[in-house]
Amino acid sequence: MKKGVGLPVFSGVAIGPAVVYRKAQRTLPVSSGDPAVEKAKFESALEVARQQLTELFEKAKVEIGEEQAAIVEVQLLMLEDLDYLDGVNLAIEGGASAAMAALDTGEDFAQVFAAMDDAYMNARSADIRDMSRRIYDIICGNTGFQLPEGSFLLVAEDLAPSETIQLPRERILAFVTRQGSSSSHTAILARTLNIPSLVQSDITFEEVEACTVLAVDGTTGTWYADPDEETLAMLREKQEKAAAARNALEAYRGKESVTRSGKKVLLVANIGCPEDAVDALKADAEGVGLMRSEFLYLGRKNLPTEDELYDAYRQVAETMGHRPVVIRTLDIGADKQVSYLGLEAEENPALGLRGLRICLTQEEIFRPQLRAIYRASVHGNLHMMFPMVASVWELKAAKALCARVRQELEEEGIPFKEVPIGVMIETPAAAVLAGDLAKEAAFFSVGTNDLTQYTLAVDRQNAKLSEFYDPYHPALLALLAHIAKAANDNGIWAGICGELGADPKMQEKFIEMGFTELSMAAGRILESRKLVCQSEV
Ligand code: PEP
Ligand code: MG
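In short, a report on the structure. (Residues numbered from 1 in each chain as written. Chains lettered and ligands numbered in written order. Predicted model: local features only at pLDDT ≥ 70, side-chain atom pairs only at ≥ 80, totals over all residues. Heavy atoms only, no water.)

## What to know about the overall build of the protein chain
- A tally of regular secondary structure across the protein chain gives 20 helices and 17 strands.
- The C-alpha radius of gyration computed for the protein chain amounts to 25 Å, which stays within 12% of the reference 24 Å derived for 537 residues, consistent with globular compactness.
- Taking all 537 residues of the protein chain together, the buried fraction comes to 50%.
- The contacts in the protein chain between residues at least 6 apart in sequence include a share of 68% that link residues at least 24 apart.
- As displayed, the protein chain offers around 24000 Å² of accessible surface, 53% of which is attributable to carbon and sulfur atoms.
- Put simply, the protein chain has 54 plus and 80 minus side-chain charges, and the middle of one group is 7 Å from the middle of the other. (Helix = DSSP H or I, 4+ residues; strand = E, 2+ residues; numbered from the N terminus. Rg over C-alpha atoms; globule rule 2.2 N^0.38 Å. Buried < 20%, exposed > 50% of the residue type's maximum accessible area, 1.4 Å probe, protein only. Contact = heavy atoms within 4.5 Å. Areas by Shrake-Rupley, 256 points an atom, 1.4 Å probe, with all protein chains shown as cover. Lys, Arg positive; Asp, Glu negative; His and termini not counted. Charge placed at Lys NZ, Arg CZ, Asp CG, Glu CD.)

## So, the nonpolar core
- One finds Phe-386, Phe-444, Leu-480, Ile-483 and Phe-515 to be the most contacted residues of the largest nonpolar core, which totals 84 residues.
- Element by element, the count of residues in this core is highest for helix α18 (residues 474–489), at eight residues.
- Ignoring sequence-local partners within four residues, the contact set of Phe-515 consists of Val-446, Leu-480, Ile-483, Ala-484, Ala-494, Gly-495, Ile-496 and Phe-510.
- Grouped together as the second largest cluster of nonpolar side chains are 25 residues, Ala-45, Leu-79, Tyr-84 and Ile-92 included. (Core = buried A, V, L, I, M, F, W, Y, C linked by side-chain atoms within 4.5 Å.)

## Quick word on the packing of aromatic side chains
- In this structure the tally under the stated criterion is five aromatic pairs.
- Both rings, one in Tyr-84 and one in Phe-109, keep their centres 6.0 Å apart while their planes meet at 85°; by these two values the pair is edge-to-face. Of this pair, Tyr-84 sits in helix α3 (residues 82–93) while Phe-109 sits in helix α4 (residues 98–115); the two residues are 25 residues apart in sequence, bridging distant segments of the chain.
- Classification of Tyr-84 as buried rests on a relative accessible area of 2%.
- Phe-109 sits in the partly exposed class, given a relative accessible area of 22%. (Phe/Tyr/Trp six-rings, centres within 6.5 Å; stacked < 30°, edge-to-face > 60°.)

## Some remarks on the coordination of the magnesium ion (ligand 2)
- Protein coordination of the magnesium ion (ligand 2) is provided by Glu-426 (OE) and Asp-450 (OD), with donor distances spanning 2.0 to 2.2 Å. Residue Glu-426 is located in the loop between β14 (421–425) and α15 (428–432), and its partner Asp-450 is located in helix α17 (residues 448–456); the two are separated by 24 residues in the primary sequence. (Donors = N, O, S within 2.8 Å, 3.2 Å for Na, K, Ca; no water.)

## So, the pattern of salt bridges
- Per the stated rule, a full pass over the model turns up 41 salt bridges.
- For Glu-209, the salt bridge goes to Arg-22, with nearest N and O atoms at 2.9 Å. Placement of Glu-209 in helix α8 (residues 205–210) and of Arg-22 in the loop between β4 (18–21) and α1 (35–63) is noted, with a sequence separation of 187 residues between them.
- Judged by relative accessible area, Arg-22 falls into the partly exposed class, the value being 43%.
- Via salt bridges that share partners, Glu-306, Asp-307, Glu-363, Arg-367, Arg-371, Arg-375, Arg-404, Glu-408 and Glu-412 belong to a single interconnected network. (Salt bridge = Lys/Arg side-chain N within 4 Å of Asp/Glu carboxyl O.)

## Examining the pairing of strand β5 (residues 152–156)
- The buried fraction of β5 amounts to five of the five residues, a majority that puts the element mostly inside the structure.
- Burial along β5 is two-sided: the face carrying Phe-152, Leu-154 and Ala-156 and the face carrying Leu-153 and Val-155 are both buried.
- Two strands pair when backbone bridges link them, and β4 and β5 are joined in this way by four bridges, in the parallel orientation. Across the sheet, the residue bridging to Ala-18 is Leu-153, located in β5.
- One ladder, built from five bridges, connects β5 with strand β6 (residues 172–177); its direction is parallel. Across the sheet, Ala-156 pairs through a bridge with Thr-177, a residue of β6. (Pairing = 2+ DSSP bridges.)

## A short note on the pairing of strand β15 (residues 443–446)
- By the alternation rule, side chains of β15 split into Phe-443 and Ser-445 and Phe-444 and Val-446, which are all buried.
- Of the strand pairs in this sheet, β15 and strand β16 (residues 493–496) are connected by four bridges, and their pairing is parallel. Looking at the pairing, Ser-445 lines up with Gly-495 of β16.

## Observations concerning unusual backbone geometry
- For Met-388, which is not a glycine, the phi torsion comes out positive at approximately 60°.
- Checked against the element boundaries, Met-388 lands in the loop between β13 (381–386) and α14 (392–412).
- Unlike most non-glycine residues, Ala-457 shows phi in positive territory, near 55°.
- Considering the arrangement of structural elements, one finds Ala-457 in the loop between α17 and α18.

## A word on the sheet that holds strand β10 (residues 266–271)
- Read around the closed barrel, eight strands run β10-β11-β12-β13-β14-β15-β16-β17, paired in parallel fashion. For this sheet the average axis-to-axis angle between neighbouring strands, irrespective of direction, equals 25°.
- Of the pairings in the sheet, the one linking β14 to β15 comprises four bridges and is parallel in character. When the bridges of β15 are listed, Ile-425 appears paired with Val-446.
- Sheet contacts for helix α20 (residues 525–534): β10 and β17 (517–520); angle to β10, the most-contacted strand, approximately 160°. (Axes fitted to C-alpha atoms, helices over the stretch in contact; angles between N-to-C directions.)

Printed below as a string of structure tokens:
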């Protein structure tokens, strides 16, 4: 048996086989210097790509239908395109490595297709990129992530949201990452899925690959590779105790969340997709306090259409019925990137083009979201809020577009309901200006993850800064008290949807400050209700 540690971000015990998630190689391949060798590499990669795509095509036909499978077929045809093949060979003769020739020629072709005056051809540019990336990966030996059968613990250096979105969530027993922080999106996902998780772990990939069973104890922050009998017995006992504690919490199911002195608090869930809403309901959430809509944009090759967004929002609205649902408009940028938006790499992405800033500068991205939210509003009790607001004018500009969208829908005869518009308070500027923003907003929801990062100037993703990322910092608590007061003084409600909302050390304090809604991973609702119901504040 080997053991080690990590920073626990969600408690519980998991035992099972482990899989290492390896990222694709990042260093650029260099040419051998011999065009004949590079051409041979390219030819054999083409053959492998042909086999892979043929298999994928057959599988897709059975699993997702003929129409969708056609996307794969298009890539198979592109592999035979003489212009593409000539382009690659020419680049190799010019000194490029086979891998870079395949990738760069693909990019050139993709750009030509993207510039064409034909929507079908435009859409093919993503297929060309995908196909040339496949050849590149084959040449570089980036074999990707082989999913095992059954349930497993996932070990990775770190995981980006775009990577977690592609994982089969229902089969993951635990996350262990060597990097990451407690407010990283892997940690947030682990809490959403209710599974034990360690970040900043000292486990090595060799240790994982050498063991048959890995156990993670999220209560102590310990991992065990091939645990001995005694350790296994201790871990199983913990699992049983945790199950008993969960059962005891069932007494709070269906109860109102009210303190002993009569303060009513809404305990709601953070979700990323319509399926999470089903889990939220099962966990007895009184609504959705934060739908991270960017998860509808991750792990795909193009922008979701208005209809796709509408479908997702309608499902959530219908699932939650009369319960309030707060949809946050797109918060892409920083650690949540999608290549199809074509955003330039930034030196300081956390301070860059993200959240509402993207929406305000690219109306074609914002408008479909607003239309989808309004169209879905008739199916439930929808609210919307904007992320990363720093100035009152930003809120006013976003609201003005909402008004134009409502007008449009009215003219088109499409029904919609009133949708209260709120602001995420997650920049120090918004916190300080809470009094002004409250005059323009229907509610506040505090994103403590980002508010901590920006108030303390500490990157929330940087594992080396954990001791400085202090969500109990007096500066942050002063801002929180100010936000709650500004909301109450102006007659609007305020909630907390950052990870701190589920913190049992803080929940009473937040209620005392005047927050009336706490939004969290669904698995935390019942224990939070117990705390609220036993609280004297
Ligand atoms: C936050 O910043 O606290 C928040 C809830 O948003 P996200 O974690 O998605 O940035
Ligand atoms: Mg945030």
